[in-house]
Structure formats: C-alpha cells, structure tokens
Amino acid sequence: MLKLFTLCLALLAPAAHAASGCKPAPLGDATVYLRGGLNNWSAQDEQAFQYRCDAYYLNVAAKGTQEFKVADEDWTANLTFGGDAKGNPARGATGNLKREFSGQNTLRLAIAADGSATLAVGPKTFKPTPPKPLTDKAALTTRFDSRNTEFKAPFGAQPAGSEISFSIGNDVPGLQRATLVIERRNMSGNQEQLAYEPVARIAMTPQPRGFGTGFTARHAFTATGIYGYWFEIETDQGKYALQNNKDPIYWTREKGSMGRASVERLPSNLNRVRRYRQTVYAPGFQVPAWAQDIVYYYVFPERFRNGDKANDPRPGGGRPQDRYQDRDVERHAKWNEKPFKPNTGDGSDTLYNNDFFGGDLAGIIEKLDYIKSLGANAIYLTPVFRAPSNHKYDAADYKNIDPAFGSNEDFTRLCEEAAKRGIRVIPDTSLNHVGADSPYFNRYGNFPAGGAFDNGKPNPASPYYGWFKFRPEETEPNKQYQGWAGVSDLPEIDKNNPSFRAYAYRDKDSVTNTWLNRGAAGWRMDVAPWVPDDFWREWRQAVKAKKPDALTVAETWFDSSKYFLGDMFDSTMNYIFRNAVLDYAAGKSGKLMAANLELMREAYPPQAFSALMNLLSTHDQPRALHHFGEDRDLALAKQRLRLAVFFQMTYPGSPTIYYGDEVGLGGGDDPYNRAPYPWADEGGKPDEALLADFKRLTKLRHDLPVLRHGKLSEPLLVDDHVVVLARQDGATWAITATNNSDKPRSISIDLPFPADQLRDAFDGKPVAVKNGSLQLTVPPLFGRVLITP
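Note that the coordinates shown come from a computational prediction; the quantities given were computed from them, not determined experimentally.

J.: Can you lay out the side chain of N432 for me, pointing to particular residues and giving the numbers?
T.: For N432, the location among the structural elements is in the loop between β28 (428-429) and α6 (498-506). Side-chain polar atoms of N432 contact the side chain of K495, separated by 2.6 Å. The contact partners of N432, leaving out residues within four places of it in the chain, are W484, P491, E492, I493, K495, V527, W530 and V531.

J.: Mind laying out the packing of aromatic side chains, listing which residues take part and the relevant values?
T.: In this description, an aromatic ring pair is defined by two values, namely the gap between the centres and the angle between the planes. Inspection of every chain in the model, using the stated rule, returns 65 aromatic pairs. Note on Y281 and F285: the rings are 6.3 Å apart at their centroids and 70 degrees apart in plane angle, and the pair reads as edge-to-face. Residue F285 is classed as buried on the basis of its relative accessible area, which comes to 5%. One cation-aromatic arrangement involves K367 over W679; the distance from NZ or CZ to the ring centre is 4.3 Å. In this arrangement the basic side chain of R424 is found over the ring face of W290, its NZ or CZ atom lying 4.1 Å from the centre.

J.: Quick one: what's the story with the packing of helix α9 (residues 575-585) against helix α13 (residues 634-649), residue by residue and with numbers?
T.: At a closest axis distance of 9 Å, the pairing of α9 and α13 adopts a crossing angle of 135 degrees. In terms of axis orientation, α9 runs oblique to α13. As for the relative orientation of α9 and α13, their crossing is right-handed in sense. Across the interface between the two elements, F577, V581, Y584 and A585 of α9 pack against R640, L643, A644, F647 and Q648 of α13. Its residues assigned to classes, the contact of α9 with α13 shows 7 nonpolar, 1 polar and 1 charged.

J.: Give a detailed account of the layout of surface pockets, specifying residues and quantitative values.
T.: By volume, the second largest pocket amounts to about 1800 Å³. Elements that contribute at least two residues to the lining of the second largest pocket include exactly β2 (50-52), β3 (55-71), β12 (193-203) and β17 (262-265).

J.: Describe unusual backbone geometry, with residues and values.
T.: Where the residue is not glycine, phi is negative for most of them; where a peptide bond is considered, it is trans in most cases. Residue P154 follows A153 across a cis peptide bond; omega there is 0 degrees. With respect to the helices and strands, the residue P154 is situated in the loop between β8 (152-153) and β9 (158-159). The phi dihedral of Q191 is positive, around 75 degrees, even though this residue is not glycine. Checked against the element boundaries, Q191 lands in the loop between β11 (177-188) and β12.

J.: Provide a residue-level description of the pattern of salt bridges, including the pertinent values.
T.: Proximity of charged atoms lets side chains of opposite charge pair with each other. Counted under the stated rule, the structure contains 60 salt bridges. Here R177 and E234 are joined by a salt bridge, their closest N and O atoms 3.2 Å apart. Residue R177 is found in strand β11, and its partner E234 is found in strand β15 (residues 225-235); the two are separated by 57 residues along the sequence. Residue D293 is joined to R708 by a salt bridge in which the shortest nitrogen-to-oxygen separation is 2.7 Å. Of the two residues, D293 is situated in the loop between β18 (276-281) and β19 (296-299) and R708 in helix α15 (residues 705-709); the sequence distance between them amounts to 415 residues. Residue class for R708 comes out buried when judged on its relative accessible area of 11%.

J.: Tell me what's going on with helix α5 (residues 408-420), and back it up with residues and numbers.
T.: Between its terminal C-alpha atoms α5 stretches 19 Å, which fits the 18 Å expected from 13 residues at 1.5 Å a residue. Residues N408, D410, F411, L414, C415 and A418 constitute the buried set of α5. Considered in projection along α5, the buried side chains sweep an arc of 165 degrees and stay on one side of the axis. Away from its buried face by more than 90 degrees, α5 exposes E409 and K420. On its buried side, α5 packs onto α3 (361-366), α4 (368-374), β24 (378-381), β26 (397-401), β27 (424-426) and α7 (511-517).

J.: Give a description of the sheet that holds strand β29 (residues 522-525) that names residues and reports values.
T.: Across the sheet, which stays open at both edges, the 9 strands sit in the order β27-β24-β19-β33-β32-β31-β30-β29-β28 with parallel pairing between neighbours. If you trace the sheet from one side to the other, it starts and ends with β27 and β28, each paired once. The pairing of β28 with β29 spans 2 bridges and is parallel. Counterpart to T429 in the pairing with β29 is M525.

J.: Just give me the short version of the sheet that holds strand β13 (residues 205-209), but keep the residues and values in it.
T.: The sheet built from 4 strands is open, its strands ordered β8-β10-β14-β13 with antiparallel pairing. Strands at the two margins of the open sheet, each flanked by one partner only, are β8 and β13. Direction of pairing for β8 relative to strand β10 (residues 162-169): antiparallel, over a ladder of 2 bridges. What sits directly across from K152, in β10, is F166.

J.: Got a sec to walk through the pairing of strand β6 (residues 97-111)? Specific residues and values, please.
T.: Strand residues, when the strand is regular, have side chains that alternate between the two faces of the sheet. The pairing of β3 with β6 spans 13 bridges and is classified as antiparallel. Across the sheet, E67 pairs through a bridge with K98, a residue of β6. Joining the antiparallel neighbours β6 and strand β7 (residues 117-123) is a turn of 5 residues, in which G115 adopts a positive phi near 90 degrees.

J.: Residues and numbers for helix α8 (residues 533-546), please.
T.: End to end, α8 covers 20 Å across 14 residues, agreeing with the expected 20 Å (1.5 Å per residue, within 8%). The complete set of buried residues in α8 reads F535, W536, W539, R540, A542, V543 and K544. On its buried face, α8 is in contact with α6, α7, β29 and β30 (551-554).

J.: Help me get a handle on the packing of α9 against helix α10 (residues 590-603), residues and values and all.
T.: Packing of α9 against α10 leaves a shortest axis separation of 8 Å and a crossing angle of 160 degrees. In terms of orientation, α9 and α10 fall into the roughly antiparallel class. α9 and α10 meet at a crossing whose hand is left-handed. Between α9, through I576, F577, A580, V581 and Y584, and α10, the contact on the second element is made entirely by G590, M593, N596, L597 and M600.

J.: Residues and numbers for the state of the cysteines, please.
T.: Formally, a disulfide is one covalent bond, and it connects the sulfur atom of one cysteine to the sulfur atom of another. Applying the stated rule across the entire model yields 1 disulfide. Two residues, C22 and C53, share a disulfide whose sulfurs are 1.8 Å apart. Its S-S torsion of approximately -100 degrees makes the covalent link between C22 and C53 left-handed. Here C22 is found in the loop between α1 (2-19) and β1 (33-36), whereas its partner C53 is found in the loop between β2 and β3, with 31 residues between them in sequence. According to the relative accessible area criterion, C22 is partly exposed, its value standing at 22%. By relative accessible area, which is 24% here, C53 ends up partly exposed.

J.: Account for the environment of E366, naming residues and giving values.
T.: Structurally, E366 is set in helix α3. Look at E366 and you get partly exposed, because its relative accessible area is 40%. Placed 262 residues apart in sequence, E366 and Q104 show a C-alpha to C-alpha distance of 53 Å. Sequence-distant contacts of E366, that is, excluding residues within four places in its chain, are made with R305, N306 and G307. There is a polar contact of 2.8 Å between the side chain of E366 and the side chain of R305.

J.: If you had to explain the environment of T732 to someone new, which residues and values would you point to?
T.: Along the chain, T732 turns up in strand β37 (residues 732-739). According to the relative accessible area criterion, T732 is partly exposed, its value standing at 33%. Along the chain, T732 and L134 lie 598 residues apart, while their C-alpha atoms are 47 Å from each other. Setting aside residues up to four positions removed in sequence, T732 forms contacts with V706, R727 and T788.

J.: An account of the side chain of N596 is needed here, citing residue identities and associated values.
T.: Within the element layout of this structure, N596 appears in helix α10. Owing to a relative accessible area of 0%, N596 belongs among the buried residues under this scheme. Polar contacts involving the side chain of N596 include one to the main-chain amide nitrogen of Y250, which spans 3.0 Å. When residues no more than four places from it in sequence are discounted, the contact partners of N596 are P248, I249, Y250, I576 and A580.

Definitions and cut-offs
- All residue numbers refer to position in the chain's written sequence, counted from 1.
- It should be noted that, the model being predicted, local features are given only for residues of pLDDT at least 70 and side-chain atom pairs only at 80 or more, the latter also being counted only at that level, while totals for whole chains, interfaces and linings use all residues.
- Side-chain calculation: all heavy atoms of the structure are included, whereas hydrogens and water are not.
- Every helix listed is a DSSP run of H or I at least four residues long, and every strand listed is a run of E at least two residues long, numbered separately from the N terminus.
- Any pair of N or O atoms that falls within 3.5 Å is considered a polar contact. Within protein, one atom must be able to donate a hydrogen and the other to accept it, and sequence-neighbouring residues count only if both atoms are side-chain atoms.
- Residue contacts are counted whenever heavy atoms from the two residues lie within 4.5 Å of one another.
- When two rings of Phe, Tyr or Trp (its six-membered ring) have centres within 6.5 Å they constitute a pair, described as stacked for plane angles under 30 degrees, edge-to-face for angles over 60, and tilted for the intermediate range.
- Think of it in three bands: residues with accessible area under 20% of the maximum for their type are buried, residues over 50% are exposed, and the middle band is partly exposed, with areas taken using a 1.4 Å probe on protein chains only.
- We call a charge positioned over a ring when the NZ of a Lys or the CZ of an Arg lies within 6 Å of the ring centre and within 35 degrees of the ring normal.
- For helices, the fitted line uses only the C-alpha atoms of the stretch in contact; every axis is such a line through C-alpha atoms, and the angle between N-to-C directions lies from 0 to 180 degrees.
- Should an angle fall under 35 degrees it is called roughly parallel, over 145 degrees roughly antiparallel, and 65 to 115 degrees roughly perpendicular, with every other angle called oblique.
- It is the rotation of the near helix from the far one that decides the hand of a crossing: anticlockwise by less than a right angle makes it left-handed, clockwise makes it right-handed.
- Residue polarity follows a fixed list, in which Ala, Val, Leu, Ile, Met, Phe, Trp, Tyr, Cys and Pro are nonpolar, Asp, Glu, Lys and Arg are charged, and the others, Gly among them, are polar.
- The way it works is a 1 Å grid over only the protein atoms, where trapped points that fit a 1.4 Å probe form a cavity and open points with protein on both sides within 12 Å along at least five of seven lines form a pocket, and then any residue with an atom within 4 Å of a point lines it.
- Grid points are joined across faces, edges and corners, and a volume is the space filled by probe spheres set on the points.
- Here a salt bridge means any side-chain nitrogen of Lys or Arg lying within 4 Å of a carboxyl oxygen belonging to Asp or Glu.
- By definition here, a helix of n residues has an expected span of 1.5 Å times n minus one.
- Note that the arc is defined by the directions from the helix axis to the C-beta atoms.
- Think of it this way: DSSP has to see at least two bridges between two strands before they count as a pair.
- Cysteine sulfur atoms are paired as a disulfide whenever they come within 2.5 Å of each other.

As structure tokens, this is what we get:
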C-alpha cells in the first residue's frame, strides 16, 4: 500500500506543480553560475543554480560584500546577468552585482516573461536536488591516469610529430567498447571563447585484463596546438564519459587537474565533457637558458625608492609630470604614508592613480647592491614609459621614460649598472591600450594637435585614428570609443591595424626594438589574452630576431598552455602558483595545491615550466602578508610567508619577490598593495630578521643547482599538511618537504633512488636511509631540504 501511495504522489506531482503556478525554465536547458570574486570568476559546479518551479536557486556560504555576475560557462550575452546602474540584475549589463552575505545564504534569481530579473539574498532555505548516483560497476571501476605511463606514454607536453599511446581498463567484466576521442581546442580572449573541434574518433583495441577488459589506442599528433581527449565507454547499461576530474584550477575556466579520471553518464551536450588536455609544441621551441636560474625582484618604480627629488611630481609645478589629465597631481608629504584611495576619508580627491611619492630609476640604481644582496639576479619593472598615472599602464609615449622616473639615459645606465652586478632588467608595457592623455589619443588637448581624439572629438585626419575603434554616432565622449574593459582612460588599440603593428614591433625603431637596444633583457607583456595570437606570433619573431636570448613573459592568470607552443611566449606570470601556494601556506590542504601545480607540470613544456615567473605578491592582488592575516596575527602571518617563500625557492621556475615582501611590507587590494618600501632612512621599520630569512632561502637556491635545474617528478607524499617532492639533476637528488601545520609532522617515504644517507641542506647533518625508506620530521610552518651527498 505504501508503495502504491508513493507512486500515486509521484504521478500527481507534475499536475500539482502546474496547478501551483510552476513554469518552464526561462533559460531552457542552459545552466548558469554565480561567477565572482569568491570563485575567481569561474563557472564551478558548486555554484550552479538549479531551477525550481518559479526561479533559479543557489546556496552560497560567504560573508560580507561580494561582487559577481550570473552567467553560463561561455559568458553568452543573453545568459549573462550583470549589474545595471541601480545594481539590479540585467541581461548584458557590464557592471557587477553587489550583495551582502551573512554566512549560509540562498540566492533566488527570478526571470519575468519580459526578460527582466530580480535577485534576492536571504537565509539558507533551499534544498537542492542531488544528482542521480551511478551504480554501473563496470563503468565506475574503469581507470585512466594521465600521469601514469601504464595508461599514457610518454608523459606530459610533447613536440609535434609525437605518437602517444593510451590505455584504459578495469578488473571486472562488463566493459564492452571504448573510443578514444581526440579534439582540437580553440580558445581566444580571456577564456571567453572556448570550443573543441573533432580531430579523430579511434576505436580502441580490447585486450584481456584480469577478470575485466583493457583497451588501447595510439595517436600521432602532427601539428602544434592544444588538444582535448577523453574516452567514450560502453557497458550493457549505457554509454559513459571517462574524463578529467572536477578539481578546480585557479583562474581557469576548464575544470580538472588531470591525473586520475572520473566517470559520468555520457551527456547529451558534449560541451559538458571535461577534456584532458594535451599540449603539442614546436620541436624547436627554446627558452633562454638563463631563465631557470632567475630570482626576480619585482619593482613598482613609483613606490620603491626616491633617488632624485628634483623630478618628483608636484602640484602647480608646470611640468608634464605635475599634471594628471586635466588637473594637478596629488603629492604625498611623507614617504611612508598610505597610498590615497578616493572616497575613504583620507583627504584625497576623487581620482584613482594620481597620487605620487617620488620613486624613480635613480632610486633603483641606488639600491642595486641591496637587490643583489637579496639574491635577485633579474629586475622586473612595471611600466616606466611616459604616462600620467602612477602605474604607467596608460602609455603617453612608448619610446621615452616618464620624466618623473628620469630619462632614457637613466634607463640605459640602470641596465649597465645592473649588468655589472649580474642582474638583468625586464621592462613591461601594454600593447593593448594607451592612455587617453597621450599624443596618440589626446583627449585633453595636452599635446599638439594630431591625436585620434583631439580635445574630446574624433579626428579622422590623425595618423593614429586607425589605431582605435570609434562610434561617432554617439554624442557622449566616453561612448564614442572603445575603452579597454570599459575604462575610458584606457582607449583600446585595434591590434590588427598595420600602422600600429609597425610602430609596436615591425619598424627598425619600433617600441620593441628601442628598449632592447637600450639594454632590456626581454619583455613582460601586459593583458596578453586581449591581444590576438597572430600579433604575438609576429612580435615574438621580432624579439628573437633582435635579441635571440631575450626572454618573453606574458601576463596571463589561467592555464597558459596555448602560449607555450614555441610561437608566442617563453614564460608567464604564474598566478596559478601564487594562489595554490598562498592557500596552502595559509592552511588549506596540500592536495589542493598539488592538484594545481601538477596540472602545470603535465600541461606545460618542460622548458617553459622551468622558466615560470612564480609569484606570491603582485601589484594587482593583495600582498602575501595580507592573505595570511597580517591584521589578525602579524607574527603568524610572517611565519606563513616564510613557508611560502621556502616552497617558492625550492620549486622549479623563477621565484619572484615583490618589493618589500622581504621586510614585511603588507597591504590589501589596490592601492594598498602598492605602498612605499619602508626604508629606515625614510622613517620606515623594515623587518631585518625576515630579510635575513629571505636571503638564506635565495642563497640555498643559488647554492644548489638541483633546485634550479632538477627535474620534478610526481609528489612522493601529499596530505592535508605535508607535501614531499623529489628533484633530480643528473646524479644529484633533492627531497623537499613542507608542513603547513602549526605542529611538527613525522612522515615515512620510500625514496625513488638508492641511498644510504642524505644531507640536510641547512645544517649539513646526515640523515639516515634504511632499506630505501626515509623517516623524517618536518618542522611546523616551514620545511626541509635533503640532498644526496
């Protein structure tokens, strides 16, 4: 009777829903996600809305003000709800939604018949529908592991022309057929456009495997590119996708860290399949050999050191550096003041980025011996070319140093003096946008007539007019041209314009060549994803023709495999590393860090992986100390920073020290992450003990070539607290172990090489190895390095 009663209820449910006013989902079968600061703007399954009768619902655990949009995976215009002028959700709106959260909350997104939407945040009340569980044992036990040569060989990124073998299988009966699906990935922009096109469907060959069945296939990858692959498997209960796992990767749209596969029912929409990715790069791809030996010192010049007070910007001075667009600059009275932030009651005006302390190239030259003593052998400079702002990404003259920073001769002198100390200099610029206050655009009339937007009006006679995209039918000046990311101060360049390409890199005296001629050792390129790939391909050729050993570094935040095919960049600012290591050092699981780092070890060509600019702090994100809770427990935050730096200095790639981190400079979001270096002679209080620890760790890296050149293998141990890695450089091995717990952790590992004893790299004491096994205690919030004698 109970079963009959339950069946009747189930049959009556649709009618009851209809009678109670339930309506079909207004977005059809599309899935939308909460995408914002709390998840790095990615589309994650955990933040997918579910439609229930009258609206879309989502439970979210968050506190404080959160900014976000509601959108599908592709940021499709009619499926993206941003904030309108009143902060309400609207299709296609460019603003962010801002809402207050108080812990466990339910979001309710209701879409009316006319397409208008409302969004409410309240206490948690929604009960989501759980997914239907899989019970097919033959499918569930089918295995694949992209990092195990039993299943895929050879490992990782491979040069074009390589043949790769794939194997899957299980140990129970029931697996009937398997197909290897190979696809080519097309991704452009900041991951907005992402699609896979078919390459091959290969029927895999069955072979006995215990009580079950194995399947094998091979495929030759003849052309460079990023490929996707997965397996369609079939049992008597249906078809399934054997695919990448669900691990989130920082800043990256596609889910999955690779390694062990997961199984799900074959979706009707194959866009829902999580592909493994295979990087196939040019056989001749070379990265400058010196890159893997770099320790960067990352300088925001306006805030590092004032070496020449005569060139300081000052209100009413009448010089170019004394004006910001159509008004005077703001000048700080003291070096160690906090940067100004509008609308915070600090006495500043309403403009961002127009306050100055006086840092310059002379100050960097003055402190070159300090930078060398820290252990750095390369300086990465944020832009130093003429521009009105303090950050200089709004270029006003690509070919001349900003007068507040010095002169072109000062740049050459910096490179020459740095070279005497074994230090290279890598400048930065954006070839994606310029400043509105520039001779190229000239919105404010501060330059001679001839800009593309002289005095706020389109000027078709300008030689720069074709560099930009105008909408002359608009009447409001801010809407008459395209500003990058909607920012009117940064007119976006049409990168396909031949005149601009000539100016940027084709001409003999191009921007690219000019600074290489003046001593630059390479380039870091701002907002690389917003520039077309063919631009970067031509640009790289120009760089390498001018200076073959020049290093090319992109600014990308996500999985950057597509830039490492041998035709665009050598390296990137490694934001995946930053987030993974900071979260681990802050106490999150070592498994999360390992998943993100192992993705890069597998996806990136080894020559690029060894040259990655491994960050902890940047001028675009809160400093590491802030991430570690400097406002709650400064001493603990500094110890967590020591752990992060230990990991950074013992991992492949190029460790990068953001100026001031080494002496305890903190700060949250921009502009506070750009505070002046706390020099003692300017009244600052640098933490000398922390500085000594930084120096000890950079020295360790320089003293042990295995930490710079050693090949990294799969982690020997990963748990919530301890991560143990092995590095091999010829006959030399190193074991590195870190512990993010506040208590010592004792571990036991089997070594992948024969040894009777190892040596502690810090104190030189021997460490016994018994029957190939190592017993080790890892100190709290730090690590150990053991090397073969």
